[in-house]
Structures are given as structure tokens and as C-alpha cells.
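A closer look at the structure
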Amino acid sequence: MPEQSSGPVEFTRWPEADAASYRREGVWAGTTFDRVLRDSVGRRSDAVAVVDADTSWTYAELDARVDALAAGLLDLGVAPRQRVMVQLPNRAEYVATVFALFRIDALPVFCLPAHRAAELTALATASGAVAIVVAHHHEGFDHAALATEVATAVPTLRTVICIPDTGAAAPDDTIAFDTVRGAAREFPAADPSEVAFLQLSGGSTGIPKLIPRTHDDYLYSVIRSNELCGVTEDTVYMATLPVSHNFPMSSPGILGAVAAGGTIALTPSPAPSTAFAMIERARVTMTGLVPPLARLWTEAAERGTAHDISTLATVQVGGARCPDELAARIGPALGARLQQVFGMAEGLVCYTRLDDPDEVVNTTQGRPMSPLDRIRVVDDNDSDVPEGTEGALLTRGPYTIRGYYNNADADARSFTADGWYHTGDIVRVDPAGNITVCGRAVDRINRGGEKVSAEEVEEHLLAHPSIRDAVVVAMADEYLGERTCAFVLAADEENPPKTGQIRAFVRERGLAAWKIPDKVQVLDAFPETGVGKTSRKELRQALTVR
């Protein structure tokens, strides 16, 4: 008998006329992620579904593990519609966990391995998560201890499930992952129109911006990506970036591989030495990189590699603007076709097409993937700018959300009354519809593909007793694209804080490493605009002339 549901998850729905149109046209297919996996199991039961550093599972083996884990989660009291945080590195158990949650109609809340106490506590609180799944140690960090600490602080978070280190037992106050197994049973069926999971957008103060994605809208994004990226049952997609990111999950990502009956490969490290070995072992055909990583791979391949990476057919680059000079080198160095990707966890995804001319592939970030995507490029007054002119990008469509999860303030900042999403990107669009990303319109720094909210870091800086005011801005960086610079005013001008102490203070407050300011400058005063506001523009300009 199916378990009792904990109730619906409220979210901002598409207008009913739009939703009816998407269903009528088959854009929203009325299926679920669990159904997609079951269909691939039916077609490809003996084919390899998942490969990581230590594991290889066929579709039949993956399905059996999902069944047992799903039953075990129900036995632990995880009910349909409840939220479960998933903070796992790139390993096979990640795939089993996510699909087990889909199978019981529970919602994964996707976390990154680099998240620390500040992020996890905020995520657990905002989502009302009842459980978290972690690996005990990853890259020397004790994730089980952190998860237990967060569970103590957040009343709803009652269960910590831990994958123990090899040859060791799970730590106290956690449940060993391999013991979460149950007997076969009938599982609750998910509604395709309801929320399937919660993703994290760029950070902000207070309540995190959680993104509610439905089975209908996200599966459309995945299937359309497969069509444009040429994903078939012969595709071996390697998750090189942290797999909970939107990019390696769905563009076309691991979900695209499952939908096509292809193979997911997971590399434990993106370093060329490790990743190239996985390409050779799993005969990887496609992967996605951010520009700094693409540069590392390109330089390594140009020097020569002992690994056979000749199966690699498509290398996608996204997450940040890829410099034109690097884009031109990637294909020849790696022996693969470059495909630029531009998108956001909130929805819109753009691709260069595999048959586009090199000039388009090397110099633009592609064009929207769906004929139903709508974009506008506007000025500061939200008026459309002439074609080819830089402006702020707005979008809406069948897979772009209409609101964040339980966050009215973020909705008011990010969405217009008629449903257009302010992406925060400055772009220009050529006559063929290709988008070139020119920068950011909001104070969110793109540090090598990881987004840093200036407001969030400023809030932590202002907690320092020696800091009176703080402003965080982006500074250009040849390797990462952007780094962070924190300008601060001392509470006591005769005894200003040391910059190293400031960085250590922010680190000790439990932020992910990529959010720690790369540079700190103590000033006597901030420049002001004509209306008395701090001029972030002048602070950014000051960085370029030093």
C-alpha cells in the first residue's frame, strides 16, 4: 500500500492557458523521472548505466538498487513530497539516491560538496528538509560531522544518511547508506505537473533562492537538449563538474543520458590526469566544462597525454563566458567538437548547434534551444533595445520558472508582473538569434562558473566588529573570468583590521571556499553616485587602473 503523502509543495505555476498549450503541443509530455528510468531499464536492461571510479552498474542493477533504496527511505519515515538534501560527490550512489527519491515522490534538494555550515543550514531551514545524504569524507573534509551539526541546528532535519569511508563504519548519529534497504512494494506515483526537486540559485541573504522544477518542465528541457546535442543510447556522458550543478545534470547531462538509455560516467576529480583516464576507461563521448577547466584540459592535451581520449566527440563549455581565443583551441586540442552552452538553473538554455560555423561556435554562446523560448533585451527602463545592442536579458517559456520557492522578496526582484524572468545577464543578440554574453547586470560574481552573491558576502563581512561598511565587487581575472574584491571601511580608522584576518573571519563563518574574498582593500570612504549611493561602478573601475 502506498505511503501517506506529506502534502503538496506550493510553487508559482505557469498560467493555465500556457500550461494547457504546452500539454496540447506535447511539450509537457506528462511523464516523470521515475518513468523515464523505468522505460530505459525496459529497453536497455543489460546495457551499462553508470560507471564511476570503482563501480559499473547495468540498467537492471541500477533499477534494483533504486528499488531497495526507495523502500528503505520509506521505512525510515521519508514520505512522498518531503524534502531530502543530497550532498554527494561524483559517484554512483548519487544517481541511485536521486532516482530513489524520485521513485517515492520525495524531493531532492541539491547541494554541492563545497557547501559548508552557512549554506547547508540555510538550505535545510528554507526547504524544511527531513534528511540529508552525505559521504563521510570527501577531499579530506568530514561531511558527516557537518551534516550532524546542521541536523542539530535545524529541527526538521532528523536523519543523516552517510556513505562510510572504505573499510570503516558509519559514524555515530548517522545511518549507514548500505543499510537503507527495504523489501519490494508498490511505490507512490508522482504527478508530472508537480515539483520534482529543488535546486539552488545564486546565493542571497536570508532565505536561499530555491528553484522548484517540475517533472514536466525539466524533462522537456532534458529531452530537447538531447535532440540538439545528438544524445543517443550510444552516448557516454561524463559528469566532470560537481554533478548537482544544473549544467551536468540536464544540459543534456546525466538525466539526458538516462532518458536516451546511454551511459553516465562520473569522474571523482576534474583534473586532466584523472578525467582523461576516465574518458579512456569508459569511452566517454561527451562532457561539460567551465572555461577555467577547459583551459586546463586544453593545455594538458596540447602538451600531450598518455591517455586515449579519441572517443570524446563533444565538449560543452558553459557556466561562464568562454574567451574566444580559448574556444578556438579547445576542438583541435581535444579532438572534439566544441559546443558552447549558456543558461541558468531557473530555465533558459542556449546552445551553439553542432553544425554551426566555427565563427559562431567560437564567438557566441548559442541561441535558445526551444522555439517556445521568448527573450527580450532591454535597457534600464525595461524598454527593448535595437537588435545588436547590449542590454539586460529577460526570458520566459515552458521550462523557465515563474517564481522561486517560498521567497516573495526574490520573486519581486527577479520577475515582472507578466512572468518575464530578469536573468541578470547583459547580452547582445545578432540577426541569426545568437547570444553573446557581455557581463552581469546585478551584483553576482561569476567566479569560474561558481556564482557569488555580493550581498551575501557583504552580510558576513559586516558581522566583523572592526568593519563599519563593506562592498563586494567583481574584478577581472584571466583564468577564472572574475574574482571577488571586498572593499571595507574600518569601524576604528586608527586601528583598521588586517586583510588576512578579514578573510579568515569570513572563512570561519562557514562559507564555501569560492565565496571567500580573493582580495580585501580597506578604504577611508566609498565613492558615491549623484544621489548619494555607493558607486560600485567606480570601485570596479578603480580595480582596472591599478
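Residues numbered from 1 in each chain as written. Predicted model: local features only at pLDDT ≥ 70, side-chain atom pairs only at ≥ 80, totals over all residues. Heavy atoms only, no water.

Attention now goes to the overall build of the chain. A tally of helices and strands in the chain yields 17 helices and 27 strands. Compactness check: the chain gives a C-alpha radius of gyration of 23 Å against a globular reference of 24 Å for 546 residues, within 12% of the reference. The principal-axis extent of the C-alpha atoms belonging to the chain is close to 70 × 55 × 55 Å. The buried share of the chain, reckoned over its 546 residues, is 59%. Counting only contacts in the chain whose residues sit at least 6 apart along the sequence, the fraction spanning at least 24 positions is 69%. Summing over all exposed atoms, the chain offers an accessible surface of approximately 21,600 Å²; the carbon and sulfur share of this is 49%. Measuring between centres, the 51 positive side-chain charges of the chain sit 1 Å from its 73 negative side-chain charges. (Helix = DSSP H or I, 4+ residues; strand = E, 2+ residues; numbered from the N terminus. Rg over C-alpha atoms; globule rule 2.2 N^0.38 Å. Buried < 20%, exposed > 50% of the residue type's maximum accessible area, 1.4 Å probe, protein only. Contact = heavy atoms within 4.5 Å. Areas by Shrake-Rupley, 256 points an atom, 1.4 Å probe, with all protein chains shown as cover. Lys, Arg positive; Asp, Glu negative; His and termini not counted. Charge placed at Lys NZ, Arg CZ, Asp CG, Glu CD.)

With that settled, consider helix H7 (residues 215-229). With 15 residues, H7 should cover 21 Å at 1.5 Å per step; its first-to-last C-alpha distance of 21 Å lies within 8% of that length. Directly after H7, the chain includes Gly230, whose backbone phi takes a positive value near 70 degrees. (Expected span 1.5 Å × (residues − 1).)

What follows deals with the sheet that holds strand S27 (residues 519-523). Taking strand neighbours across the sheet as the criterion, the three strands line up as S25-S26-S27 in an open arrangement whose pairing is mixed. The two strands at the open ends of the sheet, each matched to only one other strand, are strand S25 (467-477) and S27. Taken over all neighbouring pairs, the strand axes of this sheet differ in orientation by 25 degrees on average, direction set aside. Across five bridges, the pairing between strand S26 (residues 481-490) and S27 is parallel. When the bridges of S27 are listed, Phe487 appears paired with Gln521. (Pairing = 2+ DSSP bridges. Axes fitted to C-alpha atoms, helices over the stretch in contact; angles between N-to-C directions.)

Right, let's get into the pattern of salt bridges. Taken as a whole, this structure holds 28 salt bridges when the rule is applied. A salt bridge links Glu233 to Arg44; the nearest nitrogen and oxygen atoms lie 3.8 Å apart. Residue Glu233 is located in the loop between H7 and strand S12 (236-239), and its partner Arg44 is located in helix H2 (residues 33-44); the two are separated by 189 residues in the primary sequence. A salt bridge links Asp217 to Arg213, with the nearest nitrogen and oxygen atoms 2.7 Å apart. According to the relative accessible area criterion, Arg213 is buried, its value standing at 1%. If you follow the salt bridges from partner to partner, you end up with Asp34, Arg38, Asp63, Asp67 and Arg103 in one network. (Salt bridge = Lys/Arg side-chain N within 4 Å of Asp/Glu carboxyl O.)

Let us look at the sheet that holds S12. The pairing of strands in a sheet happens through backbone hydrogen bonds and is either parallel or antiparallel. Here nine strands make up an open sheet; going across it, the order is S2-S1-S13-S12-S14-S15-S16-S17-S18 and the pairing mixed. At either margin of the open sheet sits one strand with a lone partner, and together these are strand S2 (56-58) and strand S18 (367-368). Bridging between S12 and strand S13 (residues 263-266) involves four bridges; their strand directions are parallel. By the bridge assignment for S13, Ala239 is matched with Leu266. In the packing of helix H3 (residues 59-75) onto the sheet, contacts are made with strand S1 (48-51) and S2, and the angle to S2 comes to roughly 90 degrees. Lying on the sheet, helix H10 (residues 272-282) is in contact with S1, S12 and S13; it crosses S12 at an angle near 160 degrees.

Another point: the nonpolar core. Counting 150 residues, the largest nonpolar core has Met85, Tyr94 and Trp297 as the members making the most contacts within it. Ranked by residues supplied to this core, first place goes to helix H4 (residues 92-103) with nine residues. Apart from the residues lying within four places of it in its own chain, the contact partners of Met85 are Val109, Cys111, Leu120, Leu123, Ala124, Ala129, Ala131, Ile132, Val133 and Leu157. Counting 20 residues, the second largest nonpolar core, distinct from the first, contains Ile445, Leu461, Ala470 and Val520. (Core = buried A, V, L, I, M, F, W, Y, C linked by side-chain atoms within 4.5 Å.)

Bringing the side chain of His215 into the picture now. For His215, the position within the fold is in helix H7. His215 gets classed as buried once you look at its relative accessible area, which sits at 1%. Sequence-distant contacts of His215, defined by excluding residues within four places in its chain, comprise Thr31, Thr32, Phe33, Ala190, Asp191, Pro192, Glu194 and Ala196.

A few words now on a negative patch on the surface. Residues Asp492, Glu493, Glu494 and Asp524 make up a contiguous surface patch of negative charge. Counting through the fold element by element, Glu494 comes out in the loop between S26 and helix H16 (499-508). (Patch = residues over 30% accessible without salt bridge, like charges linked within 9 Å, V, L, I, M, F, W, Y side chains within 5 Å.)

Moving on, we get to the packing of helix H5 (residues 117-127) against helix H6 (residues 143-153). Their axes nearest at 10 Å, the elements H5 and H6 cross at an angle of 45 degrees. Relative to H6, the element H5 is oriented oblique. Considering how the two elements wind past one another, H5 and H6 form a crossing that is right-handed. Within the contact between the two elements, H5 uses Ala117, Leu120, Thr121 and Ala124 and H6 uses Leu146, Glu149 and Val150. Partitioning the contact of H5 with H6 into residue classes produces five nonpolar, one polar and one charged. (Parallel < 35°, antiparallel > 145°, perpendicular 65-115°, else oblique. Left-handed = near helix turned anticlockwise from the far one by under 90°. Nonpolar A, V, L, I, M, F, W, Y, C, P; charged D, E, K, R; others polar.)

Quick look at the side chain of Thr240 now. Checked against the element boundaries, Thr240 lands in the loop between S12 and helix H8 (246-250). Discounting chain neighbours no more than four positions away, the residues touching Thr240 are Asn90, Thr267, Pro270, Thr287, Gly288, Leu289, Leu293 and Trp297.

What follows covers the environment of Gly77. Relative to the elements of secondary structure, Gly77 occurs in the loop between H3 and strand S3 (83-87). Classification of Gly77 as partly exposed rests on a relative accessible area of 34%. Through-space distance from the C-alpha of Gly77 to that of Thr159 is 9.5 Å; in sequence the pair is 82 residues apart. Each residue touching Gly77, except ones within four places of it in the same chain, is listed here: Gln82 and Arg158.

Glancing now at H2. Taking 1.5 Å per residue, twelve residues should reach 16 Å; H2 reaches 16 Å between its end C-alpha atoms and fits that length. Those residues of H2 that sit buried are Phe33, Asp34, Val36, Leu37, Ser40, Val41 and Arg44. With its buried residues spanning 160 degrees around the axis, H2 presents them on a single face. Looking at the packing, one finds that the buried side of H2 touches H3, H4, strand S10 (195-200), H7 and helix H9 (253-260). (Arc of directions from axis to C-beta.)

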